[in-house]
Amino acid sequence: MGILSRLREDIKNAREHDPAARSDAEIVLAYSGLHAIWAHRLAHKMWQVKPLKTPARVVSQVTRSLTGIEIHPGATIGRRFFIDHGMGVVIGETTEIGDDCMLYQGVTLGGTSLEQTKRHPTLHDGVTVGAGAKVLGPVEIGEQSAVGANAVVVKSAPAHSVLIGVPAKDRKRREEEHKPLVDPAHYELDPALFI
Ligand SMILES: CC(=O)SCCNC(=O)CCNC(=O)[C@H](O)C(C)(C)COP(=O)(O)OP(=O)(O)OC[C@H]1O[C@@H](n2cnc3c(N)ncnc32)[C@H](O)[C@@H]1OP(=O)(O)O
Ligand SMILES: N[C@@H](CO)C(=O)O
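Figured I'd write up the structure that's included with this text.

Parameters and conventions
Residues numbered from 1 in each chain as written. Chains lettered and ligands numbered in written order. Predicted model: local features only at pLDDT ≥ 70, side-chain atom pairs only at ≥ 80, totals over all residues. Heavy atoms only, no water. Near = heavy atom within 4 Å. Polar contact = N/O pair within 3.5 Å; in protein donor to acceptor, adjacent residues only side chain to side chain. Areas by Shrake-Rupley, 256 points an atom, 1.4 Å probe, with all protein chains shown as cover. Pairing = 2+ DSSP bridges. Helix = DSSP H or I, 4+ residues; strand = E, 2+ residues; numbered from the N terminus. Buried < 20%, exposed > 50% of the residue type's maximum accessible area, 1.4 Å probe, protein only. Salt bridge = Lys/Arg side-chain N within 4 Å of Asp/Glu carboxyl O. Axes fitted to C-alpha atoms, helices over the stretch in contact; angles between N-to-C directions. Parallel < 35°, antiparallel > 145°, perpendicular 65-115°, else oblique. Contact = heavy atoms within 4.5 Å. Nonpolar A, V, L, I, M, F, W, Y, C, P; charged D, E, K, R; others polar.

## So, the site of ligand 1
(1) Moving on: Ligand 1 sits among His-85, Tyr-104, Gln-105, Gly-130, Ala-131, Ala-146, Gly-148, Ala-149, Ile-164 and Arg-171.
(2) Moving on: Ala-149 places a polar main-chain atom, nitrogen or oxygen, 2.9 Å from an oxygen atom of ligand 1.
(3) Moving on: Between ligand 1 and the protein, one listed contact pairs an oxygen atom with a side-chain N or O atom of Arg-171 at 2.6 Å.
(4) Moving on: Contact with the protein chains removes 41% of the 970 Å² of surface that ligand 1 exposes when unbound.

## Things to note about the sheet that holds strand β6 (residues 102-103)
Paired through their backbone hydrogen bonds, the strands of a sheet run either parallel or antiparallel.
(1) Moving on: Judged by pairing direction, the sheet is mixed, and its 6 strands sit side by side in the order β3-β6-β9-β12-β14-β15 without closing on themselves. Taken across any chain shown, the strands that pair with only one partner, and hence form the sheet edges, are β3 (82-83) and β15 (169-170).
(2) Moving on: The pairing of strand β12 (residues 146-147) with strand β14 (residues 162-164) spans 2 bridges and is parallel. The residue bridging Ala-146 from the neighbouring strand is Val-162, located in β14.

## Thoughts on the site of ligand 2
(1) Moving on: Asp-18, Pro-19, Ala-20, Asp-84 and His-85 make up every residue found near ligand 2.
(2) Moving on: Here Asp-84 contributes a side-chain N or O atom positioned 2.7 Å from a nitrogen atom of ligand 2.
(3) Moving on: The side chain of His-85 places a nitrogen or oxygen atom 2.7 Å from an oxygen atom of ligand 2.
(4) Moving on: If ligand 2 stood free it would expose 230 Å²; the protein chains cover 61% of that surface.

## As for unusual backbone geometry
(1) Moving on: With an omega of -10°, the peptide bond between Val-166 and Pro-167 qualifies as cis.
(2) Moving on: Structurally, Pro-167 is set in the loop between β14 and β15.
(3) Moving on: Here Asp-100, not a glycine, exhibits a phi torsion of approximately 60°, which is positive.
(4) Moving on: Of note, Asp-100 is situated in the loop between β5 (96-97) and β6.
(5) Moving on: Despite not being glycine, Asn-150 has its phi angle at roughly 65°, a positive value.
(6) Moving on: Mapped onto the elements of the fold, Asn-150 is located in the loop between β12 and β13 (152-153).
(7) Moving on: Assessed through its relative accessible area of 53%, Asn-150 is described here as exposed.

## Re the pattern of salt bridges
(1) Moving on: On inspection of all chains with the given rule, the structure shows 10 salt bridges.
(2) Moving on: Residue Asp-24 pairs with Arg-15 through a salt bridge whose shortest N-O separation is 2.9 Å.
(3) Moving on: Since its relative accessible area comes to 38%, Asp-24 is described here as partly exposed.
(4) Moving on: The exposure class assigned to Arg-15 is partly exposed, which follows from its relative accessible area of 38%.
(5) Moving on: A salt bridge links Asp-100 to Arg-80; its shortest N-O distance comes to 2.6 Å. Remark: Arg-80 occurs in the loop between β2 (76-77) and β3 and Asp-100 occurs in the loop between β5 and β6; sequence separation between them is 20 residues.
(6) Moving on: Exposure remark for Asp-100: the relative accessible area of 33% places this residue in the partly exposed category.
(7) Moving on: Under the relative-accessibility criterion, Arg-80 is labelled partly exposed at 22%.

## Here's the deal with the packing of helix α3 (residues 32-47) against helix α4 (residues 53-67)
Helix packing for two helices is described by the angle between their axes and how far apart those axes are.
(1) Moving on: Closest axis-to-axis distance for the α3/α4 pair is 8 Å, and the angle between their directions is 175°. Between α3 and α4, the interaxial angle falls into the category roughly antiparallel. On α4, the residues that touch Ser-32, His-35, Ala-36, Ala-39, Leu-42, Ala-43, Met-46 and Trp-47 of α3 are Lys-53, Pro-55, Ala-56, Arg-57, Val-59, Thr-63 and Thr-67.
(2) Moving on: Grouping the amino acids of the contact of α3 with α4 by side-chain chemistry returns 9 nonpolar, 4 polar and 2 charged.

Below is the structure:
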């Protein structure tokens, strides 16, 4: 996928995930979450080249001072990632994030070990992490899970978990919550509403 198509995908994704977004121009100019992700893509590429590891850290830190979002260049991040607001987000070196994940401000994807091993979380596809939440250690959060605002997650969780509290526990989703009650593609507007 070319760079421009990827940028267009990011902008469309931001519009879909933020009801406050009013235009593509506003997103390009004012969304620090996207600025941080774009800078991370450069830093991550540099990180693969040994002599560029320190410059990659510099890119990451300059981006942090501009956006308030610190993403270690070693972190692996999939497509359509979105960070809303973003201030105070920290993503550690060995973090892995799948496609279609989203974070709000104040999220830490952090480590609990001082060993140079895989020590940060893995978020599978479609995981959302609420404002102020911490996910700590090499835990795996299953696809389409949600981590509630201010939760502290220290254990792995299966797909479709809803993790709330400190330490976080799974509030089991009812079966019907896995899919919209009405498929939005089939909404029909009642003409009487417009009279
Ligand atoms: C400026 C901005 O707006 S920034 C945006 C910030 N927004 C976020 O960070 C959103 C994060 N989302 C959440 O925290 C959500 O509440 C979720 C994903 C955890 C749960 O959402 P839902 O599945 O819709 O759950 P629902 O709202 O029905 O609540 C279910 C129960 O969990 C409780 N609950 C919901 N969120 C939390 C939370 N973060 N911590 C503790 N308990 C919670 C509710 O009180 C309720 O308890 P009850 O069953 O005893 O009444
Ligand atoms: N940007 C999101 C969360 O603040 C909204 O406007 O709802």
